[in-house]
Amino acid sequence: MILIVLISILFLGGVLAWLSEGLDSKFPRVVALTAVVIDLLVMMALVGADPDGSAWIVQLNAQWIPRFGISFHLAADGLSVLMMVLTAFLGIIAVASAWDEITERTGFFYFNLLWTLAGVIGVFTALDLFLFFFFWEIMLIPMYFIIAIWGHENKNYAAMKFFIFTQVSGMLMLISILVLAYFHYVQFGWFSFDYFDLLKVNTSGALGMWAMLGFFVAFSTKLPSFPFHSWLPDAHSQAPTAGSVILAGVLLKTGAYGLIRFAVPLFPEASMQFAPFAMTLAVISILYCAKVAFAQTDIKRLIAYTSISHMGFVMLGIYAWNEQALQGAVMTMLAHGLSAAALFMLAGGLQHRIHTRDMDHMGGFWAKVPRLSFVALFFSIAALGMPGLGNFVGEFLVLLGAFQASIAFTVAAAFGLIFASVYSLWVIQKIFHGAYRNSNFDDTHLSDLSRREMFYFGAMMIGLIWMGMYPQSFLDMSSATLTNLLNETGQLIFAQGSEL
Amino acid sequence: MITSFNDLLPLLPLLIVTATSVLVMLMIGIRRSYITTGFITITGLLAATLVAVSMMDWTNQQLTPLLIIDQYSLLFTVVVCASSMVLAILSFPYFFELDDEREEYFLLLTIATIGAIVMVSSNHFVSTVLGLETLSMSLYGMIAYPLHSAKSAKFPLEASFKYLVLSAAASAFILFGMALIYAQTGTLSFASVSKLPAAGLGDAYTIVALLMVVSGMAFKLSLAPFHMWTPDVYEGAPLPATAYLATVGKAAMFVVLLRFISISDALSFDSMVTVLTLIAAASMLVGNLLALLQDNLKRILAYSSIAHMGYLLLALVASHYVTGTIAVEAITFYLIAYVIMSLGAFGVASVISSSEKEFDSIKEYRGLFWRNPLLATAFIAMLLSLAGIPLTVGFIGKFYIFLSAVEAGLWMLLGVLVLGSGIGLYYYLRIIYRMFMPEKHVQPYRISGVEGVSSYAVLAILLFLLLLFGVYPAPIMSIVATASAFI
């Protein structure tokens, strides 16, 4: 029941926000903030809950379309709860970052924002594959509107590309889901889309491999991973700040979540065979996108490419498929959610102040905006993996786990950490250090961070430091889930399959 | 044989619509009144819909060799009558200011509906041709209706003529195929086809006969490569007539094709499967690709309807491979979904247009969302449904088609379907994007008076059905499943 409440608060909040615009264009943001805060508070009831050994904290199962054995099955375990808390937390941050930036059509904006969040919460809790697909698509449409209506100069192109990439890959996943359901029909005599039923399906064979690939393409497009990543830089550079925050912080994580929850456990054998290829793609993502990031002059594009690079670690960890690597992947998802969101907000904040994202026009900002520069430095070194902050814990665990699976991939991936330091420090150097440079913009509005901005950047900093200093509180929450998943897939250690 | 009055009961929906058309004709003879004729038409079609709904549970009989009245034909009688009623309601404000006689339009509409009802109840070539020609003849008139209007918005004569010539050619194909079948078997029922190979001239003869019939039907369904007429006719016809052609015309024709293929067992010939596969793939690609280049809403919907017919044909091919009724259910559900979303999409265009000025360029939808949020929401929902996005009936329809194709193992066609739908997203999103652009340099839409109120009500109902069947499809699914068992 609590899960329905969580989702409907956001859906209803969205509608209310839209309606409240009729009274005053400043109301929607208040309504939206209230809805997300309430959601986060309600979620706290799940955080302390003690799973009864099965890892599932709360479940809800109701008939929906009996003709095909489709049920309205929602459930949450530690992993879902972690992801939901991240979603709600970043939801608050997103509302805060849109607070002054979005001044037109505010009602519809917050409607879309909350519906995206509702879709994401649905994705993190759905345990019926049809329902999962339903939410998977629902979160796209409002996101499309956010980019297409409130985006920047090239918004139509970016929004269209985002939608078509995710939608087409989603259709492949739909086919795979149907193949899986049909397997169940053949093997057990009735249709079912339920996760637990489908886990029992024997998916070995060539068709199983193809079906796994359908899931993989959908999730790695969302993640995104090389070679399906090209929509992300466009979407990020065109989206309004709040859109980028949700996109980088939350939407990308649904791809990783899908891999952990569905792609690997449903197709253990095919995944094991495929692991070397997936890890290769992960390493290519890490190195190639780090390299490409270095060549960008648009700050938002740069951060987008670094996101792809960091998501490569997540993919590497998932396909190493052991306790450490998975824990690392989950930690990276959380930490990257905060650090990438913060960096996009900084970039968005800069763009809001000086109306350009081109780094070639910037330089020496430290003297003018010291607080903003400090915050940027903090999140940059968090992103590059400084020990003591969350990202380090995540990436370190991933590498530790991946090392057991494949030494070659781990060594190659570790270079990503070095590249990350190079581009992060280069950005800091270029924008904030040196002599003040203003070649082509109006800097009359270049003001330092306001108290409100400091407040939410501060909240994210605390989050990252917490993750870095005492990661155990997060690891504990996800460990039951991950152990279960590892048991379900029969402790398949990919080391045997992936010595190259 | 019909011996008593009771035997006529199953024909009640047909009789009601026929009576309505007679009444409309008499009414025009006695005293012309646009409002009264419109009212009679809408009431008659509503009555026929309700009667057909009430008959669904208990009627199942072959009435003379020509007509089969079972749950399936009644389901589509409901669809046909309800859509005709919706279109009558939408037509009413559209032709309200036409500077010509307006009443006969409703006469044509009711007669066309008679034809459509006969088609969905037919399992015999004679009734097929009778129904088809009744429908087509009336459509020629409906397409050309604003012909004598000095301020007509479009090129109705060109459209009507094109449709007349090509449709007659298509009918000739069907008749020729029938003649070949009749020449060997001596009967004209669909079932006779299965006796053909045994009749002496072998498989090749049968295949030729079948191909004749199928390609004639493909003409009417505007499947590629028989689709050339579609965009021009769609564009030239007045909006409600286009919508009639696109929804009732296509749905009735597809039901005939479905019955013909399944009764005659035409897919037992491999070459027929190949032909239908190729037509399906070509339609999905051609429809979606050509729609990319269009700026006219009616032309976009024309090409998208070609693609949608391709999706349906895919399910028809799948019906040969699957056990059980899943493919027939897919076709049935998708046809209903297609009718709802097309009616909605044409309906939105129709409520802001009139016979003097049609808003059919996508440029004219710029900023619609900010000017008229409710209308735009309905339109967006219809377009997303056509694109197959969840929460809408179009998604459940696509889901059915995917499922039947997966069961049938038609991987190649599935690939084309994904590709086609992916391309399709682009042109649907283009229209949606326009609606969100700032409302600069825009022409004012027609503000309809009190005569247009019911159009908005109809759109609201269509939107409601679109979302209801998309979110909670279980009830309609069970209706579709029971009806499909009769095929």
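A few points on the structure.

Conventions adopted
- Here the residue index of a chain counts from 1 through its sequence in written order.
- As a convention, the first chain written is A and the first ligand written is 1, with the rest following in written order.
- Local features are withheld for residues below a pLDDT of 70 in this predicted model, meaning they are given only at 70 or higher, and side-chain atom pairs are given and counted only at 80 or more; totals for whole chains, interfaces and linings count all residues.
- Side-chain figures throughout are based on the complete set of non-hydrogen atoms in the structure, without hydrogens or water.
- Each helix corresponds to a stretch of at least 4 residues labelled H or I by DSSP, and each strand to a stretch of at least 2 residues labelled E; elements are numbered beginning at the N terminus.
- Only the C-alpha atoms count toward the radius of gyration. The rule for a globule is 2.2 Å times the residue count to the power 0.38.
- Burial classes: relative accessible area under 20% of the type maximum marks a residue as buried, over 50% as exposed, and values in between as partly exposed (1.4 Å probe, protein chains only).
- Contact criterion: two residues are considered in contact whenever any of their non-hydrogen atoms come within 4.5 Å of each other.
- Every accessible area reported is derived by Shrake-Rupley at a probe size of 1.4 Å, with residue values counting cover from the shown protein chains alone.
- Just to be clear on terms, a salt bridge is a Lys or Arg side-chain nitrogen sitting within 4 Å of an Asp or Glu carboxyl oxygen.
- Here, axes are lines fitted to C-alpha atoms. For helices the fit covers the stretch in contact, and angles between N-to-C directions go from 0 to 180 degrees.
- An angle counts as roughly parallel when it lies under 35 degrees, as roughly antiparallel when it exceeds 145, as roughly perpendicular when it falls between 65 and 115, and as oblique in every other case.
- Here a crossing is called left-handed whenever its near helix is offset anticlockwise from the far helix by less than a right angle, and right-handed whenever the offset is clockwise.
- Under this grouping Gly is polar, as are all residues other than the nonpolar Ala, Val, Leu, Ile, Met, Phe, Trp, Tyr, Cys and Pro and the charged Asp, Glu, Lys and Arg.
- Summed over both partners, the accessible area (1.4 Å probe) lost when two parts come together is defined as the buried area.
- Definition of a polar contact: a pair of N or O atoms within 3.5 Å, with one able to donate and the other able to accept a hydrogen when the atoms are protein atoms, and with sequence-neighbouring residues admitted only if both atoms are side-chain atoms.
- Should DSSP find at least two bridges between two strands, the strands are regarded as paired.
- A pocket, in this scheme, is an open set of points on a 1 Å grid over the protein atoms alone with protein on both sides within 12 Å along at least 5 of 7 lines, while a cavity is a set where a 1.4 Å probe fits but cannot get out; residues line either one if an atom lies within 4 Å of a point.
- Grid points are joined across faces, edges and corners, and a volume is the space filled by probe spheres set on the points.

When helices and strands are counted, chain A shows 20 helices and two strands. Relative to its length of 500 residues, chain A is compact, with a C-alpha radius of gyration of 22 Å against a globular reference of 23 Å. Considered along the principal axes of its C-alpha atoms, chain A spans approximately 70 × 55 × 40 Å. Among the 500 residues that make up chain A, the fraction classed as buried is 65%. The contacts of chain A with a sequence gap of at least 6 include a subset with a gap of at least 24, amounting to 82%. Accessible area of chain A: about 16,100 Å², with a carbon and sulfur share of 67%.

In this section: the pattern of salt bridges. Summed over all chains, the structure comprises 23 salt bridges over all chains. The shortest N-O distance in the salt bridge between glutamate 153 of chain A and arginine 357 of chain A comes to 3.0 Å. Separated by 204 residues along the polypeptide, glutamate 153 of chain A in the loop between helix H6 (140-150) and helix H7 (155-188) and arginine 357 of chain A in the loop between helix H14 (323-354) and helix H15 (370-383) bring together distant segments of the chain. A salt bridge links glutamate 104 of chain B to arginine 32 of chain B; the nearest nitrogen and oxygen atoms lie 2.6 Å apart. One end of the pair, glutamate 104 of chain B, is in helix H4 (residues 104-120); the other, arginine 32 of chain B, is in the loop between helix H1 (12-30) and helix H2 (34-55), and 72 residues separate them in sequence. Owing to a relative accessible area of 34%, arginine 32 of chain B belongs among the partly exposed residues under this scheme.

Once that is clear, we can look at the packing of helix H7 (residues 202-220) of chain B against helix H10 (residues 270-291) of chain B. Residues and elements named next belong to chain B. The N-to-C vectors of H7 and H10 enclose an angle of 25°; their axes lie 10 Å apart at closest approach. In this view, H7 runs roughly parallel relative to H10, as classed from their interaxial angle. Remark: the crossing between H7 and H10 carries right-handed chirality. In this structure, H7 contributes Ile207, Leu210, Leu211 and Val214 to the contact, and H10 contributes Ser271, Met272, Val275 and Leu276. Of the residues belonging to the contact of H7 with H10, the class tally is seven nonpolar, one polar and no charged.

In this section: the interface of chain A and chain B. The extent of an interface is frequently quoted as the accessible surface area lost upon association of the parts. With 36 residues of chain A at the contact, the number on the chain B side is 39 residues. At the boundary of chain A with chain B, total buried surface from both sides reaches about 3,500 Å², with 84% on carbon and sulfur atoms. At the boundary of chain A with chain B, the tally comes to one salt bridge. Note that arginine 67 of chain A is salt-bridged to glutamate 329 of chain B, the shortest N-O span being 2.7 Å. On inspection of chain A and its partner chain B, the count reaches two residue pairs in polar contact (both at pLDDT 80 or more). Of all the elements, H7 of chain A adds the most residues to the side of chain A that touches chain B, at 14 residues. Classifying every residue of the side of chain A that touches chain B gives 30 nonpolar, two polar and four charged.

Residue and element names in this part refer to chain A. Note: strand S1 (residues 56-65) against strand S2 (residues 70-77), eight bridges, orientation antiparallel. Each bridged residue has a counterpart across the sheet, and for glutamine 59 the counterpart in S2 is alanine 75. Turn length for the S1-S2 hairpin, with the two strands adjacent in sequence and antiparallel, is four residues, and the turn residue glycine 69 shows positive phi of about 60°.

What follows is about the layout of surface pockets. Computed from the structure, the largest pocket encloses a volume of approximately 900 Å³. Lining the largest pocket are 34 residues, and of these Phe11, Phe111 and Trp115 of chain A together with Leu391 and Leu467 of chain B lie nearest its centre. Looking at the lining of the largest pocket, the elements that each hand over two or more residues are helix H1 (2-20), S2, helix H4 (106-125), helix H5 (129-138) and H6 of chain A together with helix H14 (373-387) and helix H17 (453-471) of chain B. It is H1 of chain A that contributes the most residues to the lining of the largest pocket, seven residues altogether. Partitioning the lining of the largest pocket into residue classes produces 30 nonpolar, four polar and no charged.

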